Amino acid sequence: MAEKKHLLEVNHLKTSFFTDSGEVKAVNDVSYYVDEQEIVAVVGESGCGKSVTQMSVMQLIQSPPGKILGGEAILEGRDILKFRPDSKEMRAVRGEKISMIFQEPMTSLNPVITVGKQLTEVIRTHKKVSKKDAWQMGISALASVGIPEPEARMKNYPFEMSGGMRQRVMIAVAVACNSRLIVADEPTTALDVTTQAQVMELLLDVVDKMKTSLIVVTHNLGLVTRYADRIYVMYAGRIIESGTTEELMTKPCHPYTIGLLSAVPKLDADEQTHLTTIEGAPPDLANLPDVCAFAPRCPYADEECKNSTHPELRLADGHTHFAACHRKIRREET
Ligand SMILES: Nc1ncnc2c1ncn2[C@@H]1O[C@H](COP(=O)(O)OP(=O)(O)OP(=O)(O)O)[C@@H](O)[C@H]1O
Ligand SMILES: [Mg+2]
């Protein structure tokens, strides 16, 4: 049987920021993939490189100070990192193939242009239609994401809408472009709890109806386990564990993943329940050790962890479960 082709496959991605305090290795040899109609989550603490990874693939890294130092991102058989950031091909990737939804939609919506004008511009960049038809398509896109009175809303400026509405507009852009992959970077963090649930539900509904793939970037491991097919756990610019949601939930292998899981509040927990958090702080990405970057915080770390080079990702069990941990390797050898 021929091996299934991934929709997007990223291999050995490396991105650094060259700052006064040195080279910040934000993305340090990261590989991952997403299949057709798959929902994949990327989780990890603040600053571990989740956003920079996604922004690198979209070639939206500000350079300088940022620079993609290596790696490839294969989309439909072509390495999109070979395209120039401002090329026609790369612009076609952004929007037509991959849509990005950010935590704060004001960063991607232009504050001085009406929602309708922005929507129709996006539509006309990707489809050869008249302004009038694009306007109608914009109205349908807004209606499809549950925005009431879409005709009137088209004439609004982004600041005239609530955060939840603006996020719906961003989802409408993905709908209008008929993107194959939606990358949602903390799409609901800036919203209140009720709106968070509604926007997430809408996003999952759109992904299901349009048969798109979805990458959700978040630090909330608890929430994604409800809908993600697979999960990548990042720590200090690397992926340290990956597998199906079930594998990670039932047999987490890396102590960092185990720590993240025990930091997830249980639904039935009362307010008195003490939440376990992982002690200590992530390392300085400008001064990364050659050894396992998690070792100083790891309750299981021993001399080998603190002395030998960073562990590689290895098959933990099955075909899809990988972890980068010396402890895991030792268990195999004994
Ligand atoms: N323009 C920049 N200049 C210097 N360093 C940067 C720049 N942008 C990002 N970084 C650094 O790259 C690292 C990874 O950042 P990134 O935004 O990817 O983290 P993240 O995992 O998305 O965190 P969060 O959960 O807070 O969004 C951080 O240490 C950050 O300080
Ligand atoms: Mg981020």
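Residues numbered from 1 in each chain as written. Chains lettered and ligands numbered in written order. Predicted model: local features only at pLDDT ≥ 70, side-chain atom pairs only at ≥ 80, totals over all residues. Heavy atoms only, no water.

Visitor: Could you clarify how one ought to interpret the pairing of strand β1 (residues 8-19) in this entry?
Guide: The two faces of the sheet receive side chains in turn, since in a regular strand these alternate between them. Pairing of β1 with strand β4 (residues 66-75), which is carried by eight bridges, proceeds in the antiparallel orientation. Within β4, the position partnered with Phe17 by the bridge is Gly66. What sits between the antiparallel neighbours β1 and strand β2 (residues 22-34) is a turn of two residues. (Pairing = 2+ DSSP bridges. Helix = DSSP H or I, 4+ residues; strand = E, 2+ residues; numbered from the N terminus.)

Visitor: Whenever I open this one, the site of ligand 1 confuses me. Can you help?
Guide: For ligand 1, the set of nearby residues contains 15 residues, the closest of which are Ser46, Gly47, Lys50, Ser51 and Val52. Within the contact set of ligand 1, an oxygen atom lies 2.5 Å away from a side-chain nitrogen or oxygen of Ser46. Protein chains bury 67% of the 630 Å² of accessible surface belonging to ligand 1 in isolation. Elements supplying a minimum of two residues to the shell around ligand 1: β1 and α1 (50-57). Considering every element that reaches the shell around ligand 1, the biggest residue donor is α1, with three residues. Looking at side-chain class alone, the shell around ligand 1 contains six nonpolar, six polar and three charged residues. (Near = heavy atom within 4 Å. Polar contact = N/O pair within 3.5 Å; in protein donor to acceptor, adjacent residues only side chain to side chain. Areas by Shrake-Rupley, 256 points an atom, 1.4 Å probe, with all protein chains shown as cover. Nonpolar A, V, L, I, M, F, W, Y, C, P; charged D, E, K, R; others polar.)

Visitor: Got a minute to help me understand a nonpolar patch on the surface in this structure?
Guide: Taken together, Leu313, Leu315 and Phe322 make up a surface patch of nonpolar side chains, about 230 Å² in accessible area. As for its placement among the helices and strands, Leu313 is situated in the loop between α11 (303-307) and β11 (314-317). Judged by its relative accessible area of 37%, Leu313 falls in the partly exposed class. (Patch = residues over 30% accessible without salt bridge, like charges linked within 9 Å, V, L, I, M, F, W, Y side chains within 5 Å. Salt bridge = Lys/Arg side-chain N within 4 Å of Asp/Glu carboxyl O. Buried < 20%, exposed > 50% of the residue type's maximum accessible area, 1.4 Å probe, protein only.)

Visitor: Which parts of the structure should I look at to understand the nonpolar core?
Guide: It is characteristic of soluble globular proteins that their nonpolar side chains tend to be buried jointly. Membership of the largest hydrophobic core comes to 59 residues, with the highest contact counts inside it found for Val224 and Ile231. When residues of this core are assigned to their parent elements, the largest contribution, nine residues, is made by helix α6 (residues 163-177). If sequence neighbours within four positions are ignored, Ile231 has contacts with Ala41, Val43, Leu221, Val224, Thr225, Glu241, Ser242, Gly243, Thr245 and Leu248. Core analysis: the next-biggest nonpolar cluster, separate from the first, contains 33 residues, Val10, Ile61, Met90 and Leu181 among them. (Core = buried A, V, L, I, M, F, W, Y, C linked by side-chain atoms within 4.5 Å. Contact = heavy atoms within 4.5 Å.)

Visitor: Before we go on, may I ask you to explain the packing of aromatic side chains in this structure?
Guide: Here the distance between the centres and the angle between the planes together describe a pair of aromatic rings. Inspection of the entire model under this criterion finds five aromatic pairs. Ring geometry for Tyr235 versus Tyr256: centroids 4.7 Å apart, planes at 55°, classification tilted. Of this pair, Tyr235 sits in strand β9 (residues 230-235) while Tyr256 is found in helix α10 (residues 255-262), placing the two residues 21 residues apart along the sequence. Taking the relative accessible area as the measure of exposure, Tyr235 reaches 3% and is therefore buried. Residue classification places Tyr256 among the buried positions, given a relative accessible area of 0%. Taking the centre distance of 5.3 Å and the plane angle of 70° together, the rings of Tyr256 and Phe294 count as edge-to-face. Taken as a pair, Tyr256 in helix α10 and Phe294 in the loop between α10 and α11 lie far apart in primary sequence, 38 residues in all. Here Tyr256 matches Phe294 in class, with each residue buried. When the ring centre of Tyr33 is taken as reference, the NZ or CZ atom of Arg230 above it lies at 3.9 Å. (Phe/Tyr/Trp six-rings, centres within 6.5 Å; stacked < 30°, edge-to-face > 60°. Lys NZ or Arg CZ within 6 Å of the ring centre and 35° of its normal.)

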